[in-house]
Structure formats: C-alpha cells, structure tokens
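# Close look at the chain arrangement
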Amino acid sequence: MTHVFPRHTRAKLPTVAGGDGCYLIDTEGKRYLDACGGAAVSCLGHSAHAVTEAAKVQLDRVPYAHTSFFTSEPAERLADMLIAKAPEGIERAYFVSGGSEATESAIKLARQYYMERGEGSRRNVIARWQSYHGNTLGALAAGGNRWRRAQFEPLLTGAMHHIDPCHYWRWGEPGESPEEYGLRVANQLDNKIREIGPETVTAFIAEPVVGATMGAVPAVEGYFRRIREICDQHGVLLILDEVMCGMGRTGYFFACEADGIAPDIVCIAKGLGAGVQPIGAMLCSGEIYRTIEEGTGFFQHGHTYLGHPTACAAGVAVVGEIERLLPHVREMGERLQSALEAAFGQHPAVGDIRGRGLFRGIELVADKETKAPFDPALGLAARIKKAAFANGLMVYPTGGTIDGRHGDHVLIAPPFIFEDAQISELVDKLSGALESSLKTAAAA
Ligand SMILES: Cc1ncc(COP(=O)(O)O)c(C=O)c1O
C-alpha cells in the first residue's frame, strides 16, 4: 500500500528506475521511448551528465541560500546567459521553481508596474481561450482551458478576460487567407480592450505556440505583430508564456523569435531545468524593472525558493547544451514533420499535423472533410496514451482540443538528442497505438 497521492488514484503506474538517453526504464527493465519529455520537460533526455554534474558541484558548494540575504554565482550567471539571448528590451530575470510561479509572477508584476506608475485602475488581464498558463489560481484564471477551469470557477478572479485563439486550420473561414484570419482574430484584442476600457487593462498573455491545450499550434504569420501593435497602442503589456514552447523547443531559443516580436515579459520553465532541477523564470523589460527600482524598490511577491542556486547551476549547464543542440532541433524537427506526414498525412482520422522544431501536434478527426471531432465519450486521446505506453512509447495525447471537451490531439515533444532511429520507432509505435485505439473506440 502506498501513501503517495498520485494524479489518478486508480492508475497502476510502473516505478521508474533509470534513464538512458531518450529512454526511461522501469524496475522490470522495460524501456520507454520518451517522445514527449514527460510534459515537454526533459529536453536533453535522461542522461544529461553535463547538467547533473553541474548540479552536484553546486550541491557540494552551497545548495541553497535565501534571496533576501544573498545572490549566488549560478543565479547571476544564468541571468546573464538568458538576457544575452532574450528578445530586445528584456533585461532582468526572476528565478522561480516552475511554470505556474513564472506566470503568476508576470501577472502580479504587470499589476505592480501600473500601480507604481500611478495607474491603479489597470487591473484586468486578457488571455485566450484554449490556452494554459498554469494551475495556481491566478494562472488558472488567466488560462482559457475550460475543462481545467470548470470546477474551480468560483475561485477564479473576474479580472481575467478571454479572446479566441489563433488556429487557422480549424477556424479560418472559407476563402479567408491565413493573414486575413490572423488579423481578424488579433483585432479581437483591440475590441476587448476597448470593451473593458484601456485604462483597466494591465496585460495580454499568450503562448506563442499553444502547447498541451491545442497541440503545438503556432499563430499564423503577422498575428503577433498585430498583437504587439495593439498592446503598444493601448499601453498594455505583452506577456508571452514560453513555459512549454521556449528554451529551444521550436528551434529558436525563444519561440517568439519566429514571430518577429519582443514581449515586455516572457515566462520560461520546463526545458530550463531539463527535468534535472525544478526551475522557471520570469524575464522582464528594463523599462518595467526601472519603474519598480525608481518607485518602491520592491516587487511585492516572492517564494522561498526564488533563485535557488542548485536549480540555477543546472540551468546554466542546460543553456550551454541547448545552444549546442539548436541546429539539430531544427533539422530533426523538419525530419519529424516529414515522417509524421508520410505516415499519417493520408490517414482518415488525422486532420492536421503541425508545429515548429521538435514541438509537433497531430489533431484527430472523425471526418477528414468536415474536420468533425470524435465523440468525447470515446476518450480517444486517453486510449492512445495508454496503448502507446503499454508498447513502450511516451506521447502526450489530450482531449478537448477544440473547446475543452471536443477534439483530440497527440502532442510530441521529444528530447533534443532525438535521431532518425527514434523517429522511426515513434512513428511505428504511434501508428500501432492509433490503430488499436480506433478499433477499441469503434467497438465501445
Ligand atoms: C504554457 C504553460 N504555461 C504554464 C505551465 C505551468 O507550468 P508548471 O506545471 O511548471 O507550473 C505549463 C505547464 O504545462 C504550460 O504548458
């Protein structure tokens, strides 16, 4: 009998015993190809010795010191490395322990920034439906994942407002070009700001490539440039949540590089620690930082493990490894897309295969013509996850792709050390899992 409180109380999980490159190994010796990095975390695989060694060295030096007393060499170094690569204007790094803490910090910093400027009426945040920004209450309220929000709705602040996501394949009108569609949905932000009053809005928050909720959906060309324009026009801060899509996953160190824009605040996590240490960061513009510095001089936020030296030491090593692997991510990302298209492009249950770099999504449809989803009662995504895992493959299928209830997709986010052999194994095993799941779903 276990005393662990697991995610799913009825699930019987194997016990992990080891890792070897792109594979995890359980106590029975069974190997699992990790094609999703857990949840897009293990970007360097499971034997990232450069990172584990860096963490060990710091553990022996000084594992932890509270940030109200000390800064640390690893935190200083990691901040320098990230800021050197960050989008234009981003000058400061605030280290936390994960993605939700990063987005909470961003939301609170945006509010405090306007308080310091004497614009206390600014209190609202605008986000997008079918997004995810974390599970703490502020981040959950910002997120537009209806299923995750539903039972906690009474606890979620009314300061969060939502506009539609940008997913041309699903919502582009007949005859509408991707650019026209992008402008149309970006302009919803302008409408929403005007509706609730520009003087009440602190920030717009969005994932440059929507991750788990929609399955690796980048915005169309021009969408984020228009979003940036609208934010500037109304003095609204742009917060990009790169917790899942950042840190090289899309083939760019920061995902927003592909969209040709710079945010005021950007949140990263997951790949920053590569799973070796829990760490996230909120990076903000020099302008925001200086406003606090010249105002109260104190960001009224914080957690016990801010700037954790061991986590930062791991982060320093991770950044070095990612730098080395970025060209490989781009190349393998193209090969992965081609392999998925070759294997599944003509499949009657596959509607769309998309993504950037080693961040890919396959959206499933009951009808290829109409793009109608499968009946949610069939639980197709869950079936695929189970069948794949039984066959030694980890992928990240999720339901609710369209509206939190309808739609299924499979998210693929493998380690950056993925090679052709792993692409073949992934395609093979995923194909088997898809066929067997469709069969059992049809019989259900
Ligand atoms: C885009 C995005 N933001 C925030 C989070 C929350 O991160 P964490 O689970 O580390 O709190 C996630 C986690 O999946 C995410 O994908």
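Remember, it's a predicted structure, so these values are computed and weren't measured experimentally.

Conventions used here
- Residues numbered from 1 in each chain as written.
- Predicted model: local features only at pLDDT ≥ 70, side-chain atom pairs only at ≥ 80, totals over all residues.
- Heavy atoms only, no water.
- Pairing = 2+ DSSP bridges.
- Helix = DSSP H or I, 4+ residues; strand = E, 2+ residues; numbered from the N terminus.
- Axes fitted to C-alpha atoms, helices over the stretch in contact; angles between N-to-C directions.
- Near = heavy atom within 4 Å.
- Polar contact = N/O pair within 3.5 Å; in protein donor to acceptor, adjacent residues only side chain to side chain.
- Nonpolar A, V, L, I, M, F, W, Y, C, P; charged D, E, K, R; others polar.
- Contact = heavy atoms within 4.5 Å.
- Salt bridge = Lys/Arg side-chain N within 4 Å of Asp/Glu carboxyl O.
- Buried < 20%, exposed > 50% of the residue type's maximum accessible area, 1.4 Å probe, protein only.
- Patch = residues over 30% accessible without salt bridge, like charges linked within 9 Å, V, L, I, M, F, W, Y side chains within 5 Å.
- Areas by Shrake-Rupley, 256 points an atom, 1.4 Å probe, with all protein chains shown as cover.
- Core = buried A, V, L, I, M, F, W, Y, C linked by side-chain atoms within 4.5 Å.
- Parallel < 35°, antiparallel > 145°, perpendicular 65-115°, else oblique.
- Left-handed = near helix turned anticlockwise from the far one by under 90°.

Attention shifts here to the sheet that holds strand β12 (residues 280-285). Here we have 7 strands laid out as an open sheet, ordered β4-β12-β11-β10-β7-β5-β6, and mixed in their pairing. For this open sheet the edge positions go to β4 (90-96) and β6 (160-163), each flanked by a neighbour on one side alone. For this sheet, the mean angle separating the axes of adjacent strands, direction not counted, is 20°. Relative to strand β10 (residues 237-241), strand β7 (residues 201-206) is paired through 4 bridges, and the arrangement is parallel.

The subject of this paragraph is the site of the ligand. Taken together, G98, G99, S100, Y132, H133, G134, E207, D241, V243, M244 and K270 are the residues near the ligand. Note that a nitrogen atom of the ligand is positioned 2.7 Å from one of the side-chain N or O atoms of D241. Each residue belonging to the shell around the ligand can be placed in one class, and the counts come to 3 nonpolar, 5 polar and 3 charged.

We now examine the sheet that holds strand β14 (residues 359-364). Spatially, the 4 strands line up as an open sheet ordered β13-β14-β17-β16, and their pairing is antiparallel. Looking at strand neighbours, the two that pair on one side only are β13 (350-356) and β16 (396-399), the edges of this open sheet. Averaged over all pairs of adjacent strands, the angle between their axes in this sheet comes to 20°, without regard to strand direction. By the bridge criterion, 4 bridges tie β16 to strand β17 (residues 408-412) in an arrangement that is antiparallel. Bridge assignment links G399 to a residue of β17, and that residue is D408. The strands touched by helix α11 (residues 309-344) within the sheet are β13, β14 and β17, with β14 carrying the most contacts at an inclination of about 15°. Docked against the sheet, helix α13 (residues 420-443) engages β13, β14 and β17, running at close to 160° with respect to β17.

The subject of this paragraph is the pattern of salt bridges. Applying the stated criterion to the full structure yields 24 salt bridges. Salt-bridge contacts for R228 lead to D264; the nearest nitrogen and oxygen are separated by 2.9 Å. Of this pair, R228 sits in helix α9 (residues 223-234) while D264 is found in the loop between β10 and β11 (265-268), placing the two residues 36 residues apart along the sequence. Of the two residues examined, R228 and D264, each falls in the buried class. A salt bridge links R335 to D420, with the nearest nitrogen and oxygen atoms 2.6 Å apart. With R335 in helix α11 and D420 in helix α13, the pair connects residues that are 85 residues apart, well separated along the chain. In the salt-bridge network here, residues are joined through shared partners; they are R117, E119, R122 and E287.

Where nonpolar side chains cluster on the molecular surface, the patch consists of L137, F152 and L155 and spans about 280 Å² of accessible area. Relative to the helices and strands, F152 resides in the loop between α6 (146-149) and β6. Overall, the relative accessible area of 35% leaves F152 in the partly exposed class.

To continue, consider the nonpolar core. Judged by nonpolar contacts, the single largest core of 89 residues is most densely connected at L82, F204, Y223, I362, L426 and L430. A total of 15 residues in this core trace back to one element, the largest contributor, which is α11. Y223 has contacts with R128, I163, D164, C166, G182, V185, A186 and F204, leaving out every residue within four places of it along the chain. By size, the runner-up hydrophobic cluster in this structure holds 30 residues, among which are Y94, A102, L109 and A269.

The residue K270 is not glycine, and still its phi comes out positive at about 35°. With respect to the secondary-structure elements, K270 resides in the loop between β11 and β12. According to the relative accessible area criterion, K270 is partly exposed, its value standing at 24%. Residue K371 is not a glycine yet carries a positive backbone phi of 65°. Residue position: K371 is located in the loop between β14 and α12 (380-390).

Another aspect to go through is the side chain of H162. Along the chain, H162 turns up in strand β6. Since its relative accessible area comes to 10%, H162 is described here as buried. Here A142 takes part through its backbone oxygen, which lies 2.8 Å from a polar atom of the side chain of H162. From its side chain, H162 meets the backbone oxygen of G143 in a polar contact 3.3 Å long. Other than its neighbours up to four places away in sequence, H162 contacts A127, R128, W129, A141, A142, G143, G144, R149 and K192.

Moving on, we get to the packing of helix α4 (residues 99-116) against helix α10 (residues 286-294). Contact geometry for α4 and α10: axes closest at 9 Å, N-to-C directions at 55°. Of the possible angle classes, the one that applies to α4 and α10 is oblique. Relative to α10, α4 is oriented so that their crossing is left-handed. Along its contact with α4, which presents L109, Q112, Y113 and E116, the element α10 presents E287, I288, T291 and I292.

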